[in-house]
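Overview (structure and organization)
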Amino acid sequence: DDDIFSSAFCENSEKLINVHLFALAAKYYSLSSLGVCTPLEDVLEALKGDSEGATGIKPDEFMNNKKSHEVQVMSELVNSIANYCGIKQVIDIGSGKGYLSSFLSMQYNLKVYGIDSSSSNTNGAHERNKKLKKHWRAYQSRGRENLKSQSLEKTNDRPVKSEINCKTINEELLNTSSLQNQDQVIIQDLVPSYVSTEMAIPETNTETEADLVTGTQSHETKLSEEVLAVLNVLPADAVEDFSSSHCNCRELCEEEKVLKKMTSLKTKARKSSESNLYFPLTSCITAETELSDIITDLEDCMLVGLHTCGDLAANTLRIFTAKPEIKAVCSVGCCYHLLSEQFESQEECHDQVWGFPMCQYLKDKGWCCGRNARMSACLALERVAVGQMLPTESLFYRAVLQVIIEEIYGVTKSDRHVGKTFSKSSSFIDYVRRSLKKLELDDSKLPDSCIMDYYEKYKYRMNELEAFNMLKVVLAPCIEVLILLDRLCYLKEQENIAWSGLVKLFDPVKSPRCYAVIALKNQSCS
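Structure report, in brief.

Here is what the cut-offs are and how they apply
Residues numbered from 1 in each chain as written. Predicted model: local features only at pLDDT ≥ 70, side-chain atom pairs only at ≥ 80, totals over all residues. Heavy atoms only, no water. Pairing = 2+ DSSP bridges. Helix = DSSP H or I, 4+ residues; strand = E, 2+ residues; numbered from the N terminus. Axes fitted to C-alpha atoms, helices over the stretch in contact; angles between N-to-C directions. Buried < 20%, exposed > 50% of the residue type's maximum accessible area, 1.4 Å probe, protein only. Salt bridge = Lys/Arg side-chain N within 4 Å of Asp/Glu carboxyl O.

This part takes up the sheet that holds strand S1 (residues 89–93). Judged by pairing direction, the sheet is mixed, and its seven strands sit side by side in the order S3-S2-S1-S4-S5-S7-S6 without closing on themselves. Here the strands that pair on one side only, and so sit at the sheet edges, are strand S3 (278–282) and strand S6 (497–504). The mean angle between the axes of side-by-side strands here comes to 15°, regardless of whether they run parallel or antiparallel. Judged from the eight bridges that link them, strand S4 (residues 301–309) and strand S5 (residues 326–334) form a sheet pairing that is parallel. In the strand pairing of S5, Leu 303 is matched with Val 329.

A word on the pairing of S1. Taken across its five residues, S1 has five buried, putting it largely inside the fold. Burial of the side chains of S1 extends over both faces: Gln 89, Ile 91 and Ile 93 are buried on one face and Val 90 and Asp 92 on the other. Note that S1 and strand S2 (residues 111–116) share five bridges and pair parallel. In the strand pairing of S2, Val 90 is matched with Val 112.

So, about the pattern of salt bridges. Tallying each qualifying case throughout the model produces 13 salt bridges. Residue Glu 70 is joined to Lys 67 by a salt bridge in which the shortest nitrogen-to-oxygen separation is 3.5 Å. With Glu 70 and Lys 67 both in helix H5 (residues 65–85) and three residues apart, the pair spans about one turn of that helix. Judged by relative accessible area, which is 0%, Glu 70 ranks as buried. We note a salt bridge from Arg 433 to Asp 443, for which the minimum N-O separation is 3.2 Å. Of the two residues, Arg 433 sits in helix H17 (residues 428–438) while Asp 443 sits in the loop between H17 and helix H18 (448–458), which places them ten residues apart along the sequence.

Okay, here's the thing in structure tokens:
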């Protein structure tokens, strides 16, 4: 196969002469073709225990479609691994604004510590929790209105013996029973099974009233299940007390006692579940990080990372292998262009911990990708394949700008970045001037006519640039394979790993960085 694919290039000039063969070779060496990945369904089946799937809020209510897809899929897998290993503590490395962390905590009742180096991200995580509380209040209010409406409709549909009697009963149901029924179901769900929750609504003396209560409770129970779907997954401190102030009419003394008892039980239930909250923490994680210095109540746990950037993905695996209390890891990396490479520079740094390569096999060979290759690995072939084309014009702007700053200003390297200037620019001239200011270069010596001369000089090569970038996109999966297999081989080299593998978690069109590196330690490891 190698001999066949090598004919894609000219033997003498080493130029590409067969694009079709080049594309076939790239596909052949992609993860999807190599057969080294373990299907997600197989992993979930192997981890499956006696626990039932959780029901609760949908993540798309609080996240965009991409993030919702990632969080929903990954949280199910993480929960399955945690159950299999018998652990309740999860540490989310590079947690960002806490999308995965908060969902794991609320949906699966896991104790999650989210660690991020950015304090603004940690603050953002706190803000999201506030929004969840607001959502619950709105949901609760809407639920009470629906209960009132449903109770009225049910009453109007049933034959009654006495209009006055029915009206009295209906008022009592609206003002007390629906609230009690919600609290009753909520307490039964929140309070441990050994706590008695037998708090039935006081019996009535007429058959008509009893029938009406039964009929209405069926509607209330149905809606209460909806209410519980949210309540079950919200943090304990996100739920407000149901109190007598929510009722707008007369209540019997006995009913007030029942409500007080419910409130007391709810408070106890809340305290018992406070350990299952999400805790955002701010700290920079390196390969040498001692998690016990950050988390005081560190116990047997697992590490997770959803799109950990650059070296952080590699360091997550190193921490996992080094710390006996960490029983499993599930890491999805990204930003390959930010990886540090041991053999990219000629300078020797013996104390440096590198992002690539990790495994001894590639270290012995002195393997190096280089920044251009790592940049290519970040491209999204699947998105391009479904018509989401590369931003050719912005790439062209950036390429011509590079020529300008080299020829006019003599700058070949800078620590500053242009960033997302293209989207804010009205023209190429505007783009160049905005970019020069960001790079702290004097644009006054560069007239508009000179800028446009550069544009016109290279405009005819725009198609050439597009073709070149399409070749980079085709090659992207091959470079990603090298980085991911390096991480997998590193885990395979460790003696305390029971199982490790690569798993395709996400739809690559929705989330291009879709592969997770997963590992579980031997049960005897401690």
